[in-house]
Amino acid sequence: MAKPLTDSEKRKQISVRGLAGLGDVAEVRKSFNRHLHFTLVKDRNVATPRDYFFALAHTVRDHLVGRWIRTQQHYYERDPKLGLDLEELEEIEEDAGLGNGGLGRLAACFLDSMATLGLAAYGYGIRYEFGIFNQKIVNGWQVEEADDWLRYGNPWEKARPEYMLPVHFYGRVEHTPDGVKWLDTQVVLAMPYDTPVPGYKNNTVNTMRLWSAKAPNDFKLQDFNVGDYIEAVLDRNLAENISRVLYPNDNFFEGKELRLKQEYFVVAATLQDIIRRFKSSKFGCRDPVRTCFETFPDKVAIQLNDTHPALSIPELMRILVDVEKVDWDKAWEITKKTCAYTNHTVLPEALERWPVSMFEKLLPRHLEIIYAINQRHLDHVAALFPGDVDRLRRMSVIEEGDCKRINMAHLCVIGSHAVNGVARIHSEIVKQSVFKDFYELEPEKFQNKTNGITPRRWLLLCNPGLADTIVEKIGEEFLTDLSQLKKLLPLVNDEAFIRDVAKVKQENKLKFSAFLEKEYKVKINPSSMFDVHVKRIHEYKRQLLNCLHVITLYNRIKRDPAKAFVPRTVMIGGKAAPGYHMAKLIIKLVTSIGDVVNHDPVVGDRLKVIFLENYRVSLAEKVIPAADLSQQISTAGTEASGTGNMKFMLNGALTIGTMDGANVEMAEEAGAENLFIFGLRVEDVEALDRKGYNAREYYDCLPELKQAVDQISSGFFSPKEPDCFKDVVNMLMHHDRFKVFADYEAYVQCQAQVDQLYRNPKGWTKKVIRNIACSGKFSSDRTITEYAREIWGVEPSDLQIPPPNIPRD
Ligand SMILES: *Cc1c(COP(=O)(O)O)cnc(C)c1O
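Note on numbering: residues in each chain are counted from 1, in written sequence order. Side-chain atom pairs in this predicted model are given and counted only at pLDDT of 80 or more, local residue features only at pLDDT of at least 70, and totals for whole chains, interfaces and linings cover all residues. To obtain the side-chain values, all non-hydrogen atoms of the structure were used and water was disregarded.

Comment: elements are numbered from the N terminus, with helices defined as DSSP H or I runs of at least four residues and strands as E runs of at least two. The secondary structure content of the protein amounts to 32 helices and 22 strands. Relative to the compact-globule value of 28 Å for 809 residues, the protein shows a C-alpha radius of gyration of 28 Å, a close match. The buried share of the protein, taken over its 809 residues, is 57%. For every accessible area listed, the method is Shrake-Rupley and the probe measures 1.4 Å; residues are considered covered only by the protein chains on display. Carbon and sulfur atoms form 54% of the exposed surface of the protein, whose accessible area is close to 35,000 Å². None of His or the chain ends enter the tally, which takes Lys and Arg as positive and Asp and Glu as negative. Every charge is mapped onto a representative atom, which is NZ of Lys, CZ of Arg, CG of Asp or CD of Glu. For the protein, the centre of its 107 positive side-chain charges and the centre of its 112 negative side-chain charges are spaced 3 Å apart. Here the radius of gyration uses the C-alpha set of atoms, whereas the globule reference equals 2.2 Å times the residue count to the power 0.38. Three exposure classes are used, based on accessible area relative to the maximum for each residue type with a 1.4 Å probe and protein chains only: buried under 20%, partly exposed in between, and exposed over 50%.

Below is the structure:
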């Protein structure tokens, strides 16, 4: 019998299997060498690992190209001699950090699922020159560094200058007898860059199209008052700044003009692209003068991922009414049937409310259209609720006040035929709070689509050891039908399977420990419980509650050093928005607690606190497969869904969490007794709000809480700067919107139950297996199938597009 493969060998074998899937190994080698020679202009003597990565990426890309072209037309074994360490080359690829947290990552999972389900879908966005910043920790504080991810080029993208499109800004509006004209605008060009999105083993390759801003060649030169040619060329940067950098806020609205320009830029370019494609299809009626838009909503669905592309609604109206001369009512019907809106948060500080004054200047015609939409909407409401003036105020798209603002969420609800939340509890909250009046008006519009993650990236790719262990028992079909994980349920008492699952986890933990030691010079105990809390740093996500627990554990060890404690390595990671003072202080607090705890000889390796620097997808792919415990502890009612929670569940970590977001459905699927659920429910939070939350009450009657808070405020963790955390303590004691102290006692008790189960490894792994077996609902394939059927009116297809005939050179 052959020697069992190590995890690293398994991973390589999977990768080589993937390479073998590219065709004949000799052909692959030929293509690889050709790219090394002709594309990279290198030979084996001087090639660097990066050159090998690019040669390999181009080889893979060539493989996709035939399928990519064919898909678009359709819409309308081992060879160690190759001598490449694929895992090393994987490390060279930059993260495409084009989003902030869960929202952008969700879109990426959706693209994977749409291609795998054979849906003719396009993902649109901005090709930011600088994605989310790289986080460095210096003296315990976050320092931001520019993410120059395109420095060495991007082998996956193809620029399409021939499809470049103009986007207009500023100017003035003229109402003439033959329609409305938007004149004297400034033009910026949108250059598309296409990236292939392959489905899983179905020969489908969809397109992600990202727009980059380009100044027109006559930019600032057509202005007769600008005579300075050099100045004019330098000013091209002003136009090209539109796609320069991602705004790094997560769940926070910052009303900057450049951000509004970004939002209109992607919308205007994308709608032109969609309409061009519709007109060139057989459904555009091919009337030489006038396109028939009647069938547009049957052929096109636009899903708005939050309100960031909300301008799609007035922009589609502008194109239909002003350009295509469709009458208003018809255009409005088409727009509503085409658009659907996904809400991602109910936090008021995250909702986009743009000053009217900014629109007046930047998008004057869109402002008029929004006023006209609002007028008809309010007339309708007034007719149904005569005399209810307050309702009109509440439901208006325009908020009156010192600064008149446009409420983009209201615009999205009015202009869409479907509105959905992203987890059951969140969809209910949406109907009862932010959109209560709108729900009363049109209850049939409101839906739920619980988020999901792609099992290809978040299991097969990141955790090949676990994927193989499952494949051995139930075959490979679960990778495209995750509900089949249910077949693992009868194996919860299978001794060999329990051993295999525990072994894979231990291997992943060892590998992650080695990674931390090599890259960050930190040594951790790989047999300790890996307690992981990774996500953007935000008060509502309550990293501070975790800190209070860590301090409590530390104090307990110090009080009774001889007692047996379950060894824990607490890892906390995530980026703070650069302007979010409290989030940055939270990072400093975590690193400061680590400085004390990690160097206390009494503690030894029973407790370690590690801040995971620069949390991003490539780090998530390493840490999640190694986690024992997943922290999902937001205040009930604040986390819309979460997707991190699902990644951990699928990778064999147990969840400690509140009844918030998708945690509720995870507990329903696996049985609440198989998660560690604690704390206030949404109803309790509401009751506490009515009564009045008083942090002092908890501080006064919970001695361990008092001790921990006093230590933070007295400078126990920051001896050189005793006042360092005064803002944190002041917030917790006097204006904590997220009620950290109210959940402290339940959380600490629940953590004690976690310890108790961890002492029983077999009992622990049985719960892990139950969780994995019940995680099938959280595949983005299920989510996308629901969007397709219930919002877009299309049916997924498992038809295989035939493989292409590759032209030979
Ligand atoms: C999945 C993911 C998120 C979202 O995590 P939540 O816990 O749902 O907030 C954020 N960042 C990265 C890098 C992720 O992979």
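Turning our attention to helix H16 (residues 424-432). Along an α-helix, residues three or four positions apart point the same way, because every turn accommodates 3.6 residues. Looking at H16, one finds that the buried residues are Ile425, His426, Ser427, Ile429, Val430 and Lys431. On its buried face, H16 is in contact with strand S15 (418-421), helix H17 (436-441), strand S16 (446-448), helix H25 (663-670) and helix H26 (682-691). Contact definition: two residues touch when any of their heavy atoms are within 4.5 Å.

Turning our eyes to something else, we now look at helix H32 (residues 780-792). Here H32 contains 13 residues, and its C-alpha end-to-end distance of 16 Å is more than 12% below the 18 Å for a straight helix at 1.5 Å per residue. Burial analysis of H32 places ten of its 13 residues in the buried class, the great majority of the element. Looking at H32, one finds that the buried residues are Ser780, Asp781, Arg782, Thr783, Ile784, Thr785, Tyr787, Ala788, Ile791 and Trp792. Residue Ser779 occupies the N-cap position of H32, its side-chain oxygen lying 3.0 Å from the main-chain nitrogen of Asp781. At the exit of H32 stands Gly793, carrying a positive phi of roughly 65°. A helix is expected to reach a length of 1.5 Å times the quantity of its residues less one. As used in this structure description, the phrase polar contact means that two N or O atoms lie within 3.5 Å; if the pair is within protein, one of them must be able to donate a hydrogen and the other to accept it, and residues adjacent in sequence are counted only when both atoms belong to side chains.

It is worth spelling out the sheet that holds strand S10 (residues 302-305) at this point. Spatially, S10-S11-S15-S16 is the arrangement adopted by the four strands of the open sheet, whose pairing is parallel. Single-partner strands in this sheet number two, and they are S10 and S16. Taking each pair of neighbouring strands and ignoring which way they run, the sheet shows an average axis angle of 25°. A pair of strands is considered paired only if DSSP assigns at least 2 bridges between the two. Two strands pair when backbone bridges link them, and S10 and strand S11 (residues 339-342) are joined in this way by four bridges, in the parallel orientation. Residue pairing in the sheet places Gln303 in a bridge with Ala340 of S11. Every angle, taken between N-to-C directions, lies between 0 and 180 degrees, and every axis is a line fitted to C-alpha atoms, over only the stretch in contact when it is a helix. Contacts from helix H11 (residues 328-338) reach S10 and S11 within the one sheet, and its direction differs from that of S11 by about 45°.

Along the polypeptide, Ile537 turns up in the loop between strand S17 (529-534) and helix H21 (543-559). Taking C-alpha positions, Ile537 is 16 Å from Gly104, a pair spaced 433 residues apart along the chain. If we skip the residues at most four places from it in the chain, Ile537 touches Gln543, Gly573, Gly574, Lys575, Ala576, Tyr580, Ala583, Ile586, Ile587 and Phe611.

To pair, rings of Phe, Tyr and Trp, with the six-membered ring standing in for Trp, must have centres within 6.5 Å; the planes then decide the type, stacked if under 30 degrees apart, edge-to-face if over 60, and tilted in the middle. Taken as a whole, this structure holds 25 aromatic pairs when the rule is applied. Residues Phe53 and Phe54 carry aromatic rings whose centres are separated by 5.3 Å and whose planes lie at 75° to one another, so their mutual orientation is edge-to-face. Both residues of the pair, Phe53 and Phe54, count as buried. Both rings, one in Phe169 and one in Tyr264, keep their centres 5.7 Å apart while their planes meet at 80°; by these two values the pair is edge-to-face. In this pair, Phe169 is assigned in strand S5 (residues 165-169) and Tyr264 in helix H8 (residues 257-280), connecting sequence segments 95 residues apart. The exposure class assigned to Phe169 is buried, which follows from its relative accessible area of 2%. Its relative accessible area of 1% is what places Tyr264 among the buried residues. In this analysis the charged atom, NZ for Lys or CZ for Arg, is taken to sit over a ring once it is within 6 Å of the ring centre and within 35 degrees of the ring normal. When the ring centre of Tyr163 is taken as origin, the NZ or CZ atom of Arg276, which lies over that ring, is 5.1 Å away.

So, on to the site of the ligand. Taken together, 13 residues lie near the ligand, and Lys535, Lys541, Thr643, Gly644 and Lys647 sit nearest. Contact distances for the ligand include 2.8 Å between an oxygen atom and a side-chain N or O atom of Lys541. Here an oxygen atom of the ligand sits 2.6 Å away from a polar atom, N or O, in the side chain of Lys647. Along the lines of polarity and charge, the residues of the shell around the ligand split into four nonpolar, five polar and four charged. We call a residue near a molecule or strand when any one of its heavy atoms sits within 4 Å of it. Here the nonpolar group is Ala, Val, Leu, Ile, Met, Phe, Trp, Tyr, Cys and Pro; Asp, Glu, Lys and Arg are the charged ones; every other residue, Gly included, is treated as polar.

With that settled, the discussion passes to the nonpolar core. To define a nonpolar core, start from buried Ala, Val, Leu, Ile, Met, Phe, Trp, Tyr and Cys residues and group those joined through side-chain atoms within 4.5 Å. One finds Phe359, Phe512 and Phe741 to be the most contacted residues of the largest nonpolar core, which totals 208 residues. Ranked by residue count, the leading element in this core is H8, at eleven residues. Apart from the residues within four sequence positions on either side, Phe359 is in contact with Leu260, Leu311, Trp354, Pro364, Leu367, Ile370, Ile406 and Met408.

On to the side chain of Asn525, then. Mapping Asn525 onto the fold places it in the loop between helix H20 (495-520) and S17. Here Asp605 takes part through its side chain, which lies 3.4 Å from a polar atom of the side chain of Asn525. Leave out the neighbours within four places in its chain, and Asn525 touches Phe530, Pro567, Thr569 and Asp605.

Moving on, we come to the packing of H21 against helix H28 (residues 703-714). It is at 9 Å that the axes of H21 and H28 come closest, and there the two elements cross at 105°. Judged by the angle between their axes, H21 and H28 are roughly perpendicular. For the pair H21 and H28, the contacting residues are Leu548, Ile551, Thr552, Asn555, Arg556 and Arg559 in the first and Glu704, Leu705, Gln707, Ala708, Val709, Gln711 and Ile712 in the second. Any angle that falls under 35 degrees is termed roughly parallel, while one over 145 is termed roughly antiparallel, one within 65 to 115 roughly perpendicular, and all others oblique.

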